[in-house]
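# Architecture at a glance
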Amino acid sequence: MKAIAALLLACISLSAYSSQYNAIEIANNFQIPWGVEFVNEKQAIVNEKNGTVSLLDITSGNKQILFKVPDVDSHGQGGLLDVALAPNSDVKHPILFFTYSKSTPKGTTVALATAKLQNNKLEGWKDVFVADAITSTGRHFGSRIAFVDDKVYFSIGDRGVRDNGQDLQTHAGSIIRLNLDGSTPTDNPFKKNKGKPEIWSYGHRNPQGLFYDKSTKQLWSIEHGPSGGDEINLIKKGANYGWAKVSHGKEYWGPIAVGEATSLPKMNDPKLVYIPSIAPSNMVIYRGSHYPSLKGKILAGALKLAHINVVIIKDGKLTESSRLMGELGERIRDITISPDGYLYFSTDSGKLFKLEEK
């Protein structure tokens, strides 16, 4: 009875904030809107998994198709993935960065591309980096983008090959750091004789969330574990996050631990582990003023458990505190913050919502 009471109390606690907020539907009829990025307070770029880039007017809900990305392999978990506005971008002609799963004659990999939004057209599309992460699987592409000062970071999953996580000779299972033109910064941690020089951190399984918190100057990632063992990690230069030697998860086919241990020397432990898995998508840290109860907290989308996961950061420790929007029953694919500080989220059913207080 005590165990049941404790479980009920935990469920009540985790849903405590849900009654404070409404989800206002802004637009629909997208084909899995994987990435959403505002270019101004009224317009957002929406990436659809099938390779379509659209410009959405959030005041009317009208969308305009801008571009169809060539060479997109959208089978399995692949497709057109994240989109992010370049730092210090021209307001009238913003430069955007994109990640997508790129089809090649040898298989599928992950590419980083740029283009300029000009006169309501997406122009000058070009790949600035094509990862050495080719496999024949449709799994574990990552991939989210973050900017730290004048550098671009983006995540790549292990591409369904566990050994890639500990192999510095592949970009798979890592977070990449580049100059904005796609070249390699000279202060990256690995040189060519030790690994791929573009790698910033490694030992990742499938990081689908990446966010730089300017207030604390910290880079955070959230990634899928196997059956159980999703992780939130604080990303450090040259750090090894353990996959697949280290994991808190089990095999999908049975209750057998994955890896050698849940912690090993010289490998960075996660700041938060989810057991059971929530199947995380993107994450943000909210620093605005429109949602006082969410200020300073991590908000992460959950696919399998269909909610927004709220996490408290205190004294370097993370604690799951609440679950929002579970009543929608929607797989939360992306969470983004508008220039005027409002939270928006997209769902796999093709919708975009705005979070509002009741």
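Reading the values: the criteria
Residues numbered from 1 in each chain as written. Predicted model: local features only at pLDDT ≥ 70, side-chain atom pairs only at ≥ 80, totals over all residues. Heavy atoms only, no water. Helix = DSSP H or I, 4+ residues; strand = E, 2+ residues; numbered from the N terminus. Rg over C-alpha atoms; globule rule 2.2 N^0.38 Å. Buried < 20%, exposed > 50% of the residue type's maximum accessible area, 1.4 Å probe, protein only. Contact = heavy atoms within 4.5 Å. Areas by Shrake-Rupley, 256 points an atom, 1.4 Å probe, with all protein chains shown as cover. Pairing = 2+ DSSP bridges. Axes fitted to C-alpha atoms, helices over the stretch in contact; angles between N-to-C directions. Core = buried A, V, L, I, M, F, W, Y, C linked by side-chain atoms within 4.5 Å. pLDDT = per-residue confidence, 0-100. Phe/Tyr/Trp six-rings, centres within 6.5 Å; stacked < 30°, edge-to-face > 60°. UniProt positions renumbered as here; feature names shortened; annotations may be inferred.

### Side note on the overall build of the protein
Within the protein, the secondary structure is distributed over one helix and 24 strands. What you see for the protein is a C-alpha radius of gyration of 19 Å, in line with the 21 Å of a compact globule of 358 residues. Its C-alpha atoms give the protein principal-axis dimensions of about 65 × 50 × 35 Å. Looking at the 358 residues of the protein, the share that counts as buried comes to 57%. Within the protein, residue pairs in contact and separated by at least 24 positions form 55% of the contacts whose partners lie at least 6 positions apart. Here the protein displays about 15300 Å² of accessible surface, and carbon together with sulfur accounts for 51% of that area.

### Re the sheet that holds strand β12 (residues 174-179)
Pairing is antiparallel in the open sheet, where four strands are placed in the order β10-β11-β12-β13. If you trace the sheet from one side to the other, it starts and ends with β10 (145-148) and β13 (199-202), each paired once. Each neighbouring strand pair of the sheet contributes to a mean axis angle of 20°, computed without reference to strand direction. The sheet contact formed by β10 and strand β11 (residues 151-156) spans four bridges and is antiparallel. Residue pairing for β11: F147 is matched across the bridge by V152.

### Looking at the nonpolar core
Among the nonpolar cores identified, the biggest contains 31 residues, and I232, L294, L299 and L343 are the most heavily contacted of them. In terms of residue count, the dominant contributor to this core is strand β19 (residues 298-302) (four residues). Ignoring any residue separated from it by four or fewer positions in sequence, one finds L299 in contact with N282, M283, V284, Y286, L294, I308, N309, V310, I335 and L343. Counting residues in each nonpolar core, the second largest holds 24 residues, with F129, F154, A172 and L178 among its members.

### Comments concerning the confidence of the model for the protein
Residue-level pLDDT values for the protein average 93, and 95% of them are 70 or greater. Low confidence marks residues 1-13, where pLDDT is under 50. Its contacts with residues over four positions away, or in another chain, come to two contacts.

### Remarks on the packing of aromatic side chains
Counted under the stated rule, the structure contains twelve aromatic pairs. When the ring of Y100 is compared with that of W125, the centres are 5.9 Å apart and the planes differ by 55°; the resulting orientation is tilted. Pair noted here: Y100 is in strand β7 (residues 95-104) and W125 is in strand β9 (residues 121-130), with a separation of 25 residues, a long-range link. Across the pair, W125 and Y100 agree in class, each one buried.

### Examining the UniProt feature "domain: Glucose/Sorbosone dehydrogenase" (unreviewed entry) in the protein
The UniProt record annotates "domain: Glucose/Sorbosone dehydrogenase" (unreviewed entry) at residues 30-352. When the span residues 30-352 is considered, its composition is 0% helix and 44% strand, and the gap between its end C-alpha atoms is 9 Å.

### Some remarks on the pairing of strand β20 (residues 307-314)
Relative to β20, β19 runs antiparallel, the two sharing five bridges. Bridge assignment links A300 to a residue of β20, and that residue is N309. The loop that links β19 with its antiparallel partner β20 comprises four residues; one of these, A306, has a positive phi angle of about 55°. Taken together, β20 and the strand that follows it, strand β21 (residues 317-324), pair antiparallel across an intervening segment of two residues, in which D315 is found at a positive phi of about 55°.

### A word on the environment of L210
You can see L210 is positioned in strand β14 (residues 207-213). Given a relative accessible area of 4%, L210 falls into the buried group. Between the C-alpha atom of L210 and that of I145, which follows or precedes it by 65 residues, the distance is 6.4 Å. Not counting residues within four places of it along the chain, the set of residues in contact with L210 comprises R144, I145, A146, Y153, F154, S155, I175, L219, W220, S221, N282 and M283.

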